[in-house]
Amino acid sequence: MPRSPSPFSTAELMEMQRRMLVIRGFEERAAVLYRDSLVPGFVHLSIGQEAAAVGACWDLRPDDVITSTHRGHGHCLAKGLDPLGMFAELMARDEGTNRGRGGSMHIADPKLGIFGANGIVAAGLPIAVGAATAAQIRDDDTVAVAFFGDGAAAQGAFHEAVNLAAVWRLPVVFFCENNGYSEFSPTATQHPTTLKQRASGYALPFVRVDGNDVVATASAVRDVVAAAARPWWRRPPTAGTVTTRATPSATGPRRSA
C-alpha cells in the first residue's frame with residue numbers, strides 16, 4: 001500500500017531529523033561525561049525517545065508550556081533550550097540554565113515555556129495544569145503539554161491533575177511516553193486498566209501513536225491541540241491526551257515516569 005503524503009514539507013522533515021540528531025548527540029555526550037565522573041549528581045538519558053519529544057513540541061510556540069520528567073533532556077532541547085547552557089547545567093557551572101544549581105533532573109527555562117524536568121514521578125502534571133489555568137485566565141490562546149510515563153498513572157498527582165483539567169476544561173495535553181515499564185515492573189503487574197480506559201473515566205479524548213514516528217507524533221499532537229486545547233473556549237469539555245508507544249531508553253526498561 002503506498003504511503004500517504006506527509007503533512008509536512010521536505011524542509012520541515014529535515015528540521016525534525018536535525019532536532020532528533022541534536023538530542024541523540026547531546027545524550028551520547030552526556031553519557032560519556034557521566035561515565036568519566038565529570039557530571040556531579042545523576043543523569044537519566046532519553047536515548048530512543050527523540051521522536052516523541054520532537055514530535056510533541058513541533059507545533060508548540062515559545063509561550064506554550066511544557067513540563068517534563070526525570071528524563072527531560074530531549075523535551076527541553078525539542079522546545080528550544082540551548083544545548084551549551086544545558087551542558088553547563090549538567091557540569092554545575094554558573095553558565096548553566098539554572099546557574100548550575102539544578103542539574104540533570106531540574107533543567108528549566110520559563111522564558112521558553114520550559115517549566116522544568118522533575119525528579120518526582122508525576123510531579124510535572126499538576127504544574128502543567130497550573131500553567132494551563134493561567135493560560136485560561138489570561139485568555140491568551142496558549143497551551144501546556146505535560147510529559148509523563150506510564151508508571152506515573154499510579155500516582156495520586158496524576159489523577160488530581162487530570163480530573164481538575166477535565167472539570168475546568170483546561171488547555172492542556174497529557175503526553176504519556178509509554179514504554180511498558182516503570183523501573184523494573186511491567187505495566188501488567190501494576191495497572192488493572194489501560195491508559196485509554198483511565199482517560200475515558202475522566203471524559204478525556206485519547207490518541208495512541210507510535211512514539212518512534214516523529215511525523216505521526218507531530219500530526220497527532222497538532223490535531224489534539226487544535227481540537228481539544230487551542231483555543232480553549234471553542235473546545236468540548238475535555239482536555240487532550242496523547243500516549244506514545246516508545247522503545248525503552250538507553251538504560252533499558254528502567255523508566256519510572
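Let me sum up the structure you'll find in this document. Source: prediction; values computed, not measured. (Residues numbered from 1 in each chain as written. Predicted model: local features only at pLDDT ≥ 70, side-chain atom pairs only at ≥ 80, totals over all residues. Heavy atoms only, no water.)

## Structural notes on the overall build of the chain
So the rule is basically this: What counts as a helix is a DSSP run of H or I of at least four residues, what counts as a strand is a run of E of at least two, and both are numbered from the N terminus. Each residue is assigned to one of three classes by its accessible area relative to the maximum for its type, calculated with a 1.4 Å probe on protein chains only: buried under 20%, partly exposed between the two thresholds, exposed over 50%. Contacts are assigned to residue pairs that have any heavy atoms within 4.5 Å of one another. Computed by Shrake-Rupley with a 1.4 Å probe, the accessible areas treat only the displayed protein chains as cover when residues are assessed.
Within the chain, the regular secondary structure consists of 8 helices and 7 strands. The proportion of buried residues among the 257 residues of the chain is 52%. Sequence separation of 24 or more characterises 73% of the internal contacts of the chain that already satisfy a separation of 6 or more. Summed over all atoms, the accessible surface of the chain reaches about 11500 Å², with 57% contributed by carbon and sulfur.

## Observations regarding the packing of aromatic side chains
For the record, the criterion: Geometry of aromatic contacts follows a simple scheme: Phe, Tyr and Trp rings, the Trp one being its six-membered ring, pair when their centres are within 6.5 Å, and the pair is stacked under 30 degrees between planes, edge-to-face over 60, tilted otherwise.
Using the criterion set out here, one finds 5 aromatic pairs in the structure. With 6.4 Å between their ring centres and 85° between their planes, Phe8 and Trp58 make a pair best called edge-to-face. Placement of Phe8 in the segment before helix 1 (10-35) and of Trp58 in the loop between helix 2 (50-57) and strand 1 (65-67) is noted, with a sequence separation of 50 residues between them. With respect to burial, Phe8 and Trp58 carry one shared label: buried. Geometrically, the ring pair formed by Phe148 and Phe158 is tilted, given 5.5 Å between the ring centres and 50° between the ring planes. Of this pair, Phe148 sits in strand 2 (residues 144-149) while Phe158 sits in helix 6 (residues 156-168); the two residues are 10 residues apart in sequence, bridging distant segments of the chain.

## Looking at unusual backbone geometry
Backbone geometry places Ala92, a non-glycine residue, at a positive phi of 60°. Within the fold, Ala92 resides in the loop between helix 4 (83-90) and helix 5 (124-138). Taking relative accessible area as the criterion, Ala92 reaches 40% and is therefore assigned partly exposed. In this model, Asp139 sits at a positive phi of 60°, which is unusual for a non-glycine residue. Inspection of the secondary structure puts Asp139 in the loop between helix 5 and strand 2.

## Quick notes on the pairing of strand 3 (residues 172-178)
For clarity, the threshold we go by: Two strands pair if DSSP finds at least two bridges between them. Whether a crossover is right-handed depends on one test, that the path from the first strand over the helix to the second runs clockwise when the strands point away from the viewer.
Across the 7 residues that make up strand 3, a large majority, 7, are buried. Side-chain alternation along strand 3 places Val172, Phe174, Cys176 and Asn178 on one buried face and Val173, Phe175 and Glu177 on a second face that is also buried. Note that strand 2 and strand 3 share 6 bridges and pair parallel. Within strand 3, the position partnered with Gly149 by the bridge is Glu177. One crossover worth recording links strand 2 to the parallel strand 3 by way of helix 6, and it is right-handed.

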